[in-house]
Amino acid sequence: PEMENGVRMFTKSHKLDNVLYDVRGPVLDEANRMEDQGVHVLKLNIGNPAPFGFRTPDEVVKDMQDQLRDCEGYSDSRGLFSARKAIMQYDQLKGIPNVDVEDIYTGNGASELINLAMSAFLDDGDEILIPSPDYPLWTASATLAGGRVIHYVCDEQANWYPDIDDIRSKITPRTKGIVIINPNNPTGALYPKEVLEEIVQVAREHQLVIFSDEIYDRLVMDGKEHVSIASLAPDLFCITFNGLSKSHMIAGYRIGWMSLSGNKRIARDLIDGINMLSNMRLCSNVPAQSVVQTCLGGIQRAKNYLVPGGRIYDQREYVYDRLSQMEGVTVNKPDAAFYMFPRLDPQKFNIRDDDQFALDLLKEKHVLIVGGKGFNWMTPGYFRVVYLPRMHTLEDAMDNLEDFLRYYRQ
Ligand code: PLP
């Protein structure tokens, strides 16, 4: 054991050596310290709708209250029958093929299942293709599971769609699977069917499993439609991840799910492993499962936020206009979710360290964002903005950011 002056020191497991999860990292710690000292921090850093006044419909809370007494025990490890039936119908409406009630697993958020799926799937050294930028839980979970994460790039010049040539160039005999995040966090991109078809084609040629994170699929704007990649791949084995954290603004209840679809025969043994890990965690939070049916079949209030006059839509327009007008800033207009991923002109700002940029902005202007590096995006000078806070907060944050960028150089 490691010793310090004769005392045994406890170090973290080496499994964590290459694991990175900075969305809640050191810059947030500093923001919390500042808040403790009474500083008002403008928080554009986390995709958690409820604190910004986005409320779940009353019928959902009422439903949970009514059912609490029946939720005292463990459920089936995959989840309540009613919840899984409702999810099954949702998947059918999205054209996801060959999903039965036993192919659906509820989790304490999609997060738990992302972790579980990576653990079940990856052997030490197996390669998995994950987008860059990504929602960093994917890279962290795959790495923790012993996998070798190979990042493929999403192309800023092409609306942040996955670069198919880059995907192809990164496939090796050890590649087992590909992850897509659609709609995307942190870019807000929504992938058109043609792009998805190309990804399916690559997965088909190389016999890969497709993992699709679709937690923002009900937060799409401008009349666009979300296509589930699994609906285009009946001959492949796909796992689709979704949940209610974002669509019903109940991130704190912790309820998500994954659906196995398509060619399940080729994944018999993998499914065995998934079942074992699912059994080992007994079941997900049962009160939260009990509202799935009411959420999916009831009022879809998020829709009202996503059209002109709705908060998410209007706030997107505002933040997009403000960022686009700032000198040296370029940004793609997102189609979905509630994020933007702007770029600072390297000629002008010379950003070398995203964390330093985030920290300087926080300390000087009290605006909290997450640097691009936190999303496994290795070119410095990018950052993610969450445009969920109320308009007056966004106004102050944009004013402060604009001021800051007038003089900031690294
Ligand atoms: N996937 C993506 C792309 C996310 O952005 C998030 C949360 O921010 C999650 C998964 C986790 O969601 P859940 O609350 O269901 O664990």
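Residues numbered from 1 in each chain as written. Predicted model: local features only at pLDDT ≥ 70, side-chain atom pairs only at ≥ 80, totals over all residues.

(A) View of the overall build of the protein chain. Looking only at helices and strands, one finds 15 helices and 17 strands in the protein chain. The C-alpha atoms of the protein chain give 21 Å as radius of gyration, which agrees with the globular expectation for 410 residues (22 Å, within 12%). Buried residues in the protein chain amount to 47% of all 410 residues. At a minimum sequence separation of 6, the contacts of the protein chain that also span at least 24 residues come to 74%. (Helix = DSSP H or I, 4+ residues; strand = E, 2+ residues; numbered from the N terminus. Rg over C-alpha atoms; globule rule 2.2 N^0.38 Å. Buried ≥ 20, exposed ≤ 12 C-beta atoms within 10 Å, placed from the backbone. Contact = placed C-beta atoms within 7 Å.)

(B) Expanded view of the site of the ligand. Near the ligand lie 13 residues; those nearest to it are G109, A110, S111, S245 and G256. Here the element with the most residues in the shell around the ligand is helix α4 (residues 109-121); it accounts for three residues. Class assignment of the residues belonging to the shell around the ligand gives a composition of five nonpolar, seven polar and one charged. (Near = placed C-beta within 6 Å. Nonpolar A, V, L, I, M, F, W, Y, C, P; charged D, E, K, R; others polar.)

(C) Seen up close, the sheet that holds strand β13 (residues 339-340). Here three strands make up an open sheet; going across it, the order is β13-β17-β16 and the pairing antiparallel. Whereas interior strands pair on both sides, the edge strands pair on one side only; in this sheet they are β13 and β16 (370-371). As paired strands, β13 and strand β17 (residues 383-386) are joined by two bridges and run antiparallel to one another. Note that in β17 the partner of M340 across the bridge is V385. (Pairing = 2+ DSSP bridges.)

(D) Local environment of the environment of L219. Among the structural elements, L219 can be located in the loop between β9 (209-213) and β10 (237-243). Setting aside residues no more than four positions away along its own chain, L219 makes contact with P183, K246, S247, A302, L306, A336, A337 and F338.

(E) Fine view of the nonpolar core. Within the largest apolar cluster, 119 residues are counted, with the highest numbers of intra-cluster contacts made by A117, I210 and I229. It is α4 that contributes the most residues to this core, seven residues altogether. When residues are assigned to domains, this core turns out to be shared by domain 1 (3-54 + 304-407) and domain 2 (71-297), each giving three or more. Discounting residues that sit within four places of it in the chain, A117 has contacts with F211, I239, M258 and I274. (Core = buried A, V, L, I, M, F, W, Y, C linked by C-beta atoms within 7 Å. Domains from an automatic or database assignment.)

(F) Examining the sheet that holds β10 more closely. Overall, mixed pairing links the eight strands, which are arranged β4-β11-β10-β9-β8-β5-β6-β7 in an open sheet. Unpaired on one side and paired on the other, β4 (104-107) and β7 (161-162) mark the two borders of the sheet. For strand β5 (residues 127-132) and strand β6 (residues 148-155), the ladder comprises six bridges, and the chain directions are parallel. Counterpart to P131 in the pairing with β6 is Y152. Packing of helix α3 (residues 81-93) onto the sheet brings it into contact with β4 and β11 (256-262), and relative to β4 it is tilted by some 120°. With respect to the sheet, helix α5 (residues 137-144) is in contact with β5, β6 and β8 (175-181), its orientation differing from that of β5 by roughly 160°. (Axes fitted to C-alpha atoms, helices over the stretch in contact; angles between N-to-C directions.)

(G) Representation of the environment of A302. Along the chain, A302 turns up in helix α11 (residues 302-305). With 20 C-beta atoms packed within 10 Å, A302 lands in the buried category. Along the backbone, A302 and A233 are 69 residues apart, and their C-alpha atoms lie at a distance of 29 Å.

(H) Highlighting the pairing of β5. Within β5, five of the six residues are buried, leaving the element largely enclosed by the surrounding structure. Sheet analysis places β5 next to β8, joined by three bridges and oriented parallel. Residue pairing for β8: I128 is matched across the bridge by G177.

(I) Main features of the domain arrangement of the protein chain. One can read the domain layout of the protein chain as domain 1 (3-54 + 304-407) and domain 2 (71-297). Computed from C-alpha coordinates alone, the two centres of domain 1 and domain 2 are separated by 25 Å.

(J) Just the pairing of β9, in detail. With respect to burial, β9 is a largely interior element, five of its five residues being buried. Between the parallel pair β8 and β9, the chain is carried across by helix α7 (residues 193-205), and the sense of this crossover is right-handed. In the sheet, β9 pairs with β10 via four bridges, with the strands oriented parallel. The residue bridging F211 from the neighbouring strand is I239, located in β10. (Right-handed = clockwise from strand over helix to strand, strands pointing away.)

(K) Quick peek at unusual backbone geometry. Residue P133 is bonded to the preceding S132 through a cis peptide linkage, with omega at 0°. With respect to the element layout, P133 can be found in the loop between β5 and α5. For the bond from N185 to P186, the omega torsion is 20°, close enough to zero to count as cis. Its place among the elements puts P186 in the loop between β8 and α7. The backbone of W160 sits at a positive phi, close to 65°, despite the residue not being glycine. Along the chain, W160 falls in the loop between β6 and β7. W160 sits in the buried class, given 23 other C-beta atoms within 10 Å. Phi at Q207 takes a positive value of approximately 50°, unusual for a residue other than glycine.

(L) Layout of the confidence of the model for the protein chain. Across the protein chain, pLDDT averages 96, with 100% of residues at or above 70. Both scores are given for the predicted complex: the pTM is 0.97, the ipTM 0.99. (pLDDT = per-residue confidence, 0-100.)

(M) Broad picture of the packing of helix α14 (residues 354-365) against helix α15 (residues 391-407). Two elements in contact, α14 and α15, have axes whose closest approach is 10 Å; the angle formed by their N-to-C orientations is 115°. Relative to α15, the element α14 lies roughly perpendicular. In this structure, the crossing between α14 and α15 has a hand that is right-handed. Residue-level contacts link L361, E364 and K365 of α14 to N400, L401, D403 and F404 of α15. Of the residues in the contact of α14 with α15, the class split is three nonpolar, one polar and three charged. (Parallel < 35°, antiparallel > 145°, perpendicular 65-115°, else oblique. Left-handed = near helix turned anticlockwise from the far one by under 90°.)

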